[in-house]
Amino acid sequence: MTRGRKGRVPRNEGPGLFGRRTPLDLSQPRRRGIRVGVHYDPEAFGNFSEGIARFIGTARFLVYQSAFIALWVIFNSVVPQANRFDEYPFQFLTLILSLQAAYAAPLILLAQNRQADRDRVSTERDRDTASRTQADTEFLARELVSIRLSLSDVVTTDELEKAIDKAVDRAVVRYAELRRAQGEPS
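Note that the structure is predicted; figures quoted are calculated from it, not measured.

Peer 1: Explain the overall build of the protein to me, please; I cannot follow it from the model alone.
Peer 2: Scanning the protein for helices and strands turns up four helices and two strands. From first element to last, N terminus to C terminus, the protein shows the α and β order β-β-α-α-α-α. Within the protein, buried positions represent 11% of all 186 residues. Contacts in the protein between residues at least 24 apart in sequence constitute 36% of all its contacts with a sequence separation of at least 6. When the accessible surface of the protein is summed, it comes to about 16200 Å², and 60% of that surface belongs to carbon and sulfur atoms.

See the structure below:
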C-alpha cells in the first residue's frame, strides 16, 4: 500500500475485504458501509410478475373484478347504514382499485420488458441462423457452379453416341472401299 501526502491513502485506493486496502474499480460507484436491502431472486420475481400480468390480461380477471366491484357497490348501498363500511362516493373502493393499478402497471411493464428481452434473444438467434443458412446456400451455389463448369468439359451420352455413329459410318465406308479396292463385291 502506497501512501500519498501526509500518510493518507491515495484516492485510487479504497477499503477492501477485512479492512485491507485494494485499488478501486472506477467503473462502479464506491460502496460505503454495510449494504442493507431486500435481496430477492430476479428470475423468480420476473416469473411471478409475468404470471400476474398474464392473469390480469384475461377475460376471467375482468369478470372477477367486475363481480367484486358490483358486490361492493350493492353491499354498501343495500345494507343498513350502520353496517356499511364504504359510503356512496366509495372512496375505499377507489383506493383499493388505485392500489391495484399502482401495482399492476409496474408488474405488466416488467413482464413486457422480459418479453422484449426474450424477443431480442430470439431475433438474434434467428438472425444468426439466417446468416448461417445464407452462407451455406452461397457455398452450395458455388459448388454447383464448379460442378457444372467441371462437367462442361465431360462428353455427354448424346455426344458419345454421335461420335460412335460417325466412327461406325466411317468404318463401314472404309470397309466398303477396301473391299472394292480388293475387287470383292460389297
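Okay, back to it.
Peer 1: Help me understand the packing of helix α2 (residues 59-78) against helix α3 (residues 91-152), please; the structure alone is not making it clear to me.
Peer 2: For any two helices packed against each other, one specifies the inter-axial angle together with the distance between the axes. For the pair α2 and α3, interaxial distance at closest approach is 11 Å and the crossing angle is 160°. Here α3 runs roughly antiparallel to α2, going by the angle between their axes. In this structure, the crossing between α2 and α3 has a hand that is right-handed. Here α2 contributes F61, Q65, F68, I69, W72 and V73 to the contact with α3, which in turn contributes F92, L93, I96, L97 and Q100. Residues that form the contact of α2 with α3 fall into these classes: nine nonpolar, two polar and no charged.

Peer 1: When you look at unusual backbone geometry in this model, what are you seeing that I'm missing?
Peer 2: A negative phi holds for most residues other than glycine; trans holds for most peptide bonds. Within the chain, F90 stands out as a residue other than glycine whose phi angle is a positive 50°. Structurally, F90 is set in the loop between α2 and α3. The exposure class assigned to F90 is buried, which follows from its relative accessible area of 12%.

Peer 1: Please clarify how the packing of aromatic side chains should be interpreted in this entry.
Peer 2: All chains considered together, the criterion is met by eight aromatic pairs. Ring geometry for W72 against F85: centres 4.9 Å apart, planes inclined by 85°, an arrangement best described as edge-to-face. Here the residue W72 occupies a position in helix α2, and F85 occupies one in the loop between α2 and α3, the gap between them amounting to 13 residues. Residue class for W72 comes out buried when judged on its relative accessible area of 9%. Plain terms: the ring middles of Y88 and F90 are 6.0 Å apart, the flat faces sit at 70° to each other, and that makes the pair edge-to-face. Within the aromatic cluster, the residues linked to one another by ring pairs are F68, W72, F75, F85 and F92.

Peer 1: Looking at this structure, how should I read the pattern of salt bridges?
Peer 2: On inspection of all chains with the given rule, the structure shows six salt bridges. E43 is the salt-bridge partner of R114, the closest N and O atoms lying 3.3 Å from each other. Separated by 71 residues along the polypeptide, R114 in helix α3 and E43 in helix α1 (residues 42-56) bring together distant segments of the chain. Between E50 and R118 there is a salt bridge, with the nearest N and O atoms lying 2.9 Å from each other. Placement of E50 in helix α1 and of R118 in helix α3 is noted, with a sequence separation of 68 residues between them. Exposure remark for R118: the relative accessible area of 38% places this residue in the partly exposed category. One continuous salt-bridge network, built from bridges that share partners, spans E43, E50, R114 and R118.

Peer 1: Explain the packing of α1 against α3 here, please?
Peer 2: Running from N to C, α1 and α3 point in directions that differ by 110°, and their axes come no closer than 8 Å. Of the possible angle classes, the one that applies to α1 and α3 is roughly perpendicular. In this structure, the crossing between α1 and α3 has a hand that is left-handed. Where α1 abuts α3, its residues P42, E43, F45, G46, N47, S49, E50, I52, A53 and I56 lie against A104, L107, I108, L110, A111, R114, Q115 and R118. Looking at the contact of α1 with α3 residue by residue, the class counts come to 10 nonpolar, four polar and four charged.

Cut-offs applied
- Residues numbered from 1 in each chain as written.
- Predicted model: local features only at pLDDT ≥ 70, side-chain atom pairs only at ≥ 80, totals over all residues.
- Heavy atoms only, no water.
- Helix = DSSP H or I, 4+ residues; strand = E, 2+ residues; numbered from the N terminus.
- Buried < 20%, exposed > 50% of the residue type's maximum accessible area, 1.4 Å probe, protein only.
- Contact = heavy atoms within 4.5 Å.
- Areas by Shrake-Rupley, 256 points an atom, 1.4 Å probe, with all protein chains shown as cover.
- Axes fitted to C-alpha atoms, helices over the stretch in contact; angles between N-to-C directions.
- Parallel < 35°, antiparallel > 145°, perpendicular 65-115°, else oblique.
- Left-handed = near helix turned anticlockwise from the far one by under 90°.
- Nonpolar A, V, L, I, M, F, W, Y, C, P; charged D, E, K, R; others polar.
- Phe/Tyr/Trp six-rings, centres within 6.5 Å; stacked < 30°, edge-to-face > 60°.
- Salt bridge = Lys/Arg side-chain N within 4 Å of Asp/Glu carboxyl O.

Fair warning: the whole summary comes from geometry, so function is off the table for now.
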